[in-house]
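What follows is the residue order along each chain.
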Amino acid sequence: MKEVLGSALTKDVHDAWETAYWALANVLISREAALYKENSGWTTWRNFIVVRKNIESSEITSFYLKPTDKEPLPIFHPGQYISVKVDIPRLKYLQPRQYSLSDRPRSEFYRISVKKETGAGPTSGVNNPFGYVSSVLHDDTEEGDTIQVSHPRGDFFLTSEQSTHPLVLLSAGVGITPLMSILNTIVATSSRRKVHFIHGSRTTKARAFQDHVQTISKKHPNIQVTLFTAEPSDEDAEGVTYHHAGRVNLEALDLEADLYLDNKQTEYYVCGPEGFMSDTAAALKARSVPSDRIKLELFGTGGVPQ
Ligand SMILES: NC(=O)C1=CN([C@@H]2O[C@H](COP(=O)(O)OP(=O)(O)OC[C@H]3O[C@@H](n4cnc5c(N)ncnc54)[C@H](OP(=O)(O)O)[C@@H]3O)[C@@H](O)[C@H]2O)C=CC1
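This one's a predicted model, so the numbers in the text were calculated from it and none came from an experiment.

Concerning the overall build of the chain
Helix and strand content of the chain: six helices and twelve strands. Buried residues in the chain amount to 45% of all 306 residues. For the chain, restricting intrachain contacts to residue pairs at least 6 apart in sequence, the fraction spanning at least 24 positions comes to 68%. Carbon and sulfur atoms make up 51% of the accessible area of the chain, which amounts to about 16400 Å² in all.

Structural notes on a nonpolar patch on the surface
Among the surface-exposed residues, Met1, Val4, Leu5, Val13, Trp17, Tyr21 and Trp22 lie close enough to one another that they form a single nonpolar patch of about 750 Å² accessible area. Taken together, the elements giving at least two residues each to the nonpolar patch come down to helix H1 (2–5) and helix H2 (11–38). Broken down by element, the residue count for the nonpolar patch peaks at four residues, all from H2. Among the structural elements, Leu5 can be located in helix H1.

Some remarks on the nonpolar core
Counting 22 residues, the largest nonpolar core has Leu167, Leu169, Ile182, Leu183, Phe197 and Tyr269 as the members making the most contacts within it. For this core, the element with the highest residue contribution is helix H4 (residues 176–188), accounting for six residues. The contacts of Leu167, once residues within four sequence positions are left out, are Leu158, Ile182, Ile186, Arg193, Lys194, Val195, His196, Tyr260, Glu267 and Tyr269.

A look at the sheet that holds strand S7 (residues 167–172)
The parallel open sheet is built from six strands, whose spatial order is S10-S9-S8-S7-S11-S12. Lying at the two open borders of the sheet, with one neighbouring strand each, are strand S10 (244–245) and strand S12 (294–296). Strand direction decides the pairing type here: strand S11 (residues 267–271) and S12, joined by three bridges, are parallel. Its bridge partner lying in S12, Tyr268 is registered against Ile294.

Some thoughts on the sheet that holds strand S3 (residues 81–85)
Sheet strands pair by backbone hydrogen bonding; their relative direction is either parallel or antiparallel. Taken together, the six strands give an open sheet; going across it, the order is S4-S3-S6-S1-S2-S5, and neighbouring strands pair in antiparallel fashion. If you trace the sheet from one side to the other, it starts and ends with strand S4 (97–100) and strand S5 (110–115), each paired once. When strand polarity is set aside, the average angle formed by the axes of neighbouring strands in this sheet is 45 degrees. Note: strand S1 (residues 46–55) against strand S6 (residues 146–149), four bridges, orientation antiparallel. By the bridge assignment for S6, Ile49 is matched with Thr146. Along the sheet, helix H3 (residues 132–140) makes contact with S1, strand S2 (60–67), S4 and S5, crossing S5 at roughly 110 degrees.

Overview of the confidence of the model for the chain
When pLDDT is low, close inspection of the predicted coordinates is not appropriate. Residues at a pLDDT of 70 or more form 87% of the chain, whose mean pLDDT is 89. Within the model, the stretch residues 301–306 combines pLDDT values under 50 with twelve contacts to residues more than four positions away or in other chains. For this predicted complex, the interface confidence score (ipTM) comes to 0.93, while the overall pTM stands at 0.86.

As for the pairing of S11
Of all five residues that make up S11, five are buried, and the element is covered over most of its length. Residues Glu267, Tyr269 and Cys271 of S11 are buried on one face, and the alternating residues Tyr268 and Val270, pointing to the opposite face, are buried as well. In the classification by handedness, the crossover that spans S11, the intervening helix H6 (residues 274–286) and the parallel S12 is right-handed.

The rules we used
Residues numbered from 1 in each chain as written. Predicted model: local features only at pLDDT ≥ 70, side-chain atom pairs only at ≥ 80, totals over all residues. Heavy atoms only, no water. Helix = DSSP H or I, 4+ residues; strand = E, 2+ residues; numbered from the N terminus. Buried < 20%, exposed > 50% of the residue type's maximum accessible area, 1.4 Å probe, protein only. Contact = heavy atoms within 4.5 Å. Areas by Shrake-Rupley, 256 points an atom, 1.4 Å probe, with all protein chains shown as cover. Patch = residues over 30% accessible without salt bridge, like charges linked within 9 Å, V, L, I, M, F, W, Y side chains within 5 Å. Salt bridge = Lys/Arg side-chain N within 4 Å of Asp/Glu carboxyl O. Core = buried A, V, L, I, M, F, W, Y, C linked by side-chain atoms within 4.5 Å. Pairing = 2+ DSSP bridges. Axes fitted to C-alpha atoms, helices over the stretch in contact; angles between N-to-C directions. pLDDT = per-residue confidence, 0-100. Right-handed = clockwise from strand over helix to strand, strands pointing away.

Set out below in structure tokens:
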């Protein structure tokens, strides 16, 4: 300091600087300690093995990940995501990518379900970072491979696991993943709360977890499932493979029987393309649902106009 400030460094300036320095350092030290505690000591990257790769739809594949150290995994909040780093030697600099955990919390493995983006990745000849890691996971990552994983985080999660008020889970495309985690948690905890799982995809073949969610709704009278297919094919049958043709549209749904608007505690969780989230939030607000009961998954979107 003396070298830089010279005679401007009076005792008062020195003391003020020292006080400010330690105030800031203490803030950072306590935040680091809190993070360390929250993350059970797991603050950087941990090696995981891909123990299972499962094709869920024409676009989406699940990866089941187990830690190489075989230690039990911390329980995350359903709806949270992990960051994943895949070793790609031909890329000098690799950004980690975030993927929502798509199954309920378990201590033995995590599951992510990844959409393959077209026009990216090693086979496309395009070094576009968007979708590159997803393509590498689909095309180059096999069972037995090791990838690096961060501690789960994110503030889009089921905040009311013990509550009884209804939930409406609205998703489009691969935005289904965090809501799948929430739905599987509801089922695993034998919760009796009313849940409506509403999902839209471009085609039925592109939809992940179709049989799984339909089986859940058959077994659990408190859980209903409504599927929208934007472009039904000749193989589709209305009422069987989908319920409504077109994009997810709240106009097609009953205000009380489907959206539970008569209950002033109903919570709405929304995940999917940005336009889908902003349109759905606007449609709910137009039906007098206050913002604090509408949860949007905003990571990676840079924010959604509300
Ligand atoms: N945890 C997270 O935050 C996650 C976020 N996502 C987000 O979801 C995004 C897209 O997922 P992806 O599978 O590629 O989606 P798609 O582009 O395949 O779209 C899925 C469906 O949503 C429809 N859709 C698009 N906009 C609207 C709208 N305004 N209202 C109603 N329906 C709409 C599409 O219709 P059409 O074909 O006519 O456009 C299509 O039928 C990702 O880019 C990511 O931002 C996904 C996974 C996890």
